[in-house]
Amino acid sequence: LSFVAKVFLPAGYPRSVSPGLSYQMLNAAQAFCSSLATLLSLRATLEGYGVGNASASSTNALLLTIVQNISNRLTIIIAAFFFGSSLFPEAKTYHFLADLLSDVTIVIDTLSPLLASLYEAHVPNFITALPFLPPTVPLRVYTLCFSASIRALCSVTASGSKTAFTMHFATPLEGTGDVGDLNAKNSSKVTVVALLGMLIGTMTMPYITTLWSTYTVLFFMVFFHLLINYIAVRGVIFRSLNRQRACLAWMAFKSKCDSINTPTYLASLERILISSDTILSLPSGTAIGRCNMGS
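No experiment lies behind these values; they were computed from the predicted model shown.

Peer 1: It is not clear to me how the packing of helix α3 (residues 58–83) against helix α6 (residues 139–169) should be interpreted in this structure. Could you clarify?
Peer 2: A pair of packed helices is characterised by two quantities: the angle between their axes and the separation of those axes. One way to put it is that α3 packs onto α6 with a least axis distance of 8 Å and a crossing angle of 35°. In the crossing of α3 with α6, the sense of the turn from one axis to the other is right-handed. Judged by residue contacts, Leu64, Val67, Gln68, Ser71, Asn72, Thr75, Ile76, Ala79, Ala80 and Phe83 of α3 engage Val141, Leu144, Cys145, Ala148, Ser149, Ala152, Leu153 and Val156 from α6. In terms of residue class, the contact of α3 with α6 is built from 13 nonpolar, 5 polar and no charged.

Laid out in structure tokens, this is it:
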């Protein structure tokens with residue numbers, strides 16, 4: 001056990017990290033669900049590259065990969081410009097958004113063969129006449145490029161918000177933490193869980209061959225992935241203020257409620273899906289101001 005602890009836990013644990021064991025366990029569980037869902041989308045993506053199609057060529061697959069990479073990198077530049085300064089303070093919101101975008105790409109990739117067949121069978125004439133949808137380019141090319149752009153947006157939001165979570169857990173209430181060691185050990189834990197998911201997925205994928213079974217498994221994996229992520233993010237108690245937590249602290253102070261403005265109390269009031277910077281007058285709920293931080 002001591003060897004396992006040295007491999008997967010940062011040096012000095014638990015004094016070297018902030019409290020949050022539930023988040024670490026839930027983060028591992030969501031990685032397991034994500035790895036299973038990714039296998040389903042990977043199979044559909046390989047079909048999009050032409051695997052199993054006798055008329056497909058390696059040159060077409062290479063060109064499709066290049067177009068996907070162009071879409072991916074342009075999206076990274078644009079997303080970093082628009083969202084870069086908000087990723088660290090609004091880490092909870094963007095962390096959940098990254099997981100949501102990840103599931104969107106998985107769903108799009110998995111549905112791409114079905115969408116392509118429906119498009120070819122029932123495409124209206126006015127769509128084929130559009131100049132930016134040449135009839136010689138299959139719909140699957142557009143769907144894979146679109147999913148590549150969404151995946152790039154997921155990468156930007158995930159990397160920025162992950163930094164905030166890492167800094168939080170690497171600054172314990174007592175003692176000192178190590179950001180590098182914490183990052184490395186977290187990566188090891190997620191890798192092991194993802195490998196376990198891939199192993200189970202490899203054994204089950206030969207039996208998931210019909211559309212009904214594929215989409216059923218995909219639905220449950222995506223549902224549990226988002227649910228586990230939401231619970232995990234809700235459970236993290238940041239000790240710094242952003243716009244929403246500053247508004248909540250001010251409103252609680254002015255309302256003269258019996259609760260003390262501790263980080264735990266503010267975390268229980270914090271919204272994940274909607275990050276509000278509006279200061280309300282309690283109990284009427286009238287907006288009396290806004291909170292701005294930074295540039």
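Peer 1: Mind showing me how you'd approach the layout of surface pockets here?
Peer 2: Here the idea is plain: a probe the size of a water molecule rolls over the atoms and shows the empty space left. Taken as a whole, the largest pocket holds about 800 Å³ of empty space. What lines the largest pocket is a set of 33 residues, and nearest its centre among them are Asn27, Gln30, Asp99, Ala158 and Val190. Elements with a minimum of two residues in the lining of the largest pocket: α2 (21–49), α4 (91–122), α6, α7 (179–204) and α8 (211–235). The leading source of residues in the lining of the largest pocket is α6, at 10 residues. Residues of the lining of the largest pocket, tallied by class, amount to 11 nonpolar, 19 polar and 3 charged.

Peer 1: Could you clarify how one ought to interpret the packing of aromatic side chains in this entry?
Peer 2: The description of an aromatic ring pair rests on the distance of the ring centres and on the angle between the ring planes. This structure, assessed with the given rule, holds 10 aromatic pairs. With a centroid separation of 5.2 Å and 70° between ring planes, the pair formed by Phe165 and Phe238 is classed as edge-to-face. A residue pair is termed long-range when its members are at least 10 positions apart, and Phe165 in helix α6 and Phe238 in the loop between α8 and α9 (243–255) qualify at 73 residues. A relative accessible area of 9% places Phe238 in the buried class. A connected cluster of aromatic rings, assembled from ring pairs, spans Tyr23, Phe165, Phe169 and Phe238.

Peer 1: Would you explain empty space enclosed by the protein in this entry?
Peer 2: Under the counting rule described, the total for this entry stands at 1 cavity of 30 Å³ or more. The calculated volume of the largest cavity comes to roughly 40 Å³. Forming the boundary of the largest cavity are Pro10, Ala11, Ser16, Val17, Phe169, Ala170, Gly177, Asp178, Asp181 and Leu182. Residue classes in the lining of the largest cavity are distributed as 6 nonpolar, 2 polar and 2 charged.

The rules behind each value
- Residues numbered from 1 in each chain as written.
- Predicted model: local features only at pLDDT ≥ 70, side-chain atom pairs only at ≥ 80, totals over all residues.
- Heavy atoms only, no water.
- Axes fitted to C-alpha atoms, helices over the stretch in contact; angles between N-to-C directions.
- Helix = DSSP H or I, 4+ residues; strand = E, 2+ residues; numbered from the N terminus.
- Left-handed = near helix turned anticlockwise from the far one by under 90°.
- Contact = heavy atoms within 4.5 Å.
- Nonpolar A, V, L, I, M, F, W, Y, C, P; charged D, E, K, R; others polar.
- 1 Å grid on protein atoms, 1.4 Å probe; cavity = no way out; pocket = protein on both sides within 12 Å on 5 of 7 lines; lining within 4 Å.
- Points joined across faces, edges and corners; volume = space filled by probe spheres on them.
- Phe/Tyr/Trp six-rings, centres within 6.5 Å; stacked < 30°, edge-to-face > 60°.
- Buried < 20%, exposed > 50% of the residue type's maximum accessible area, 1.4 Å probe, protein only.

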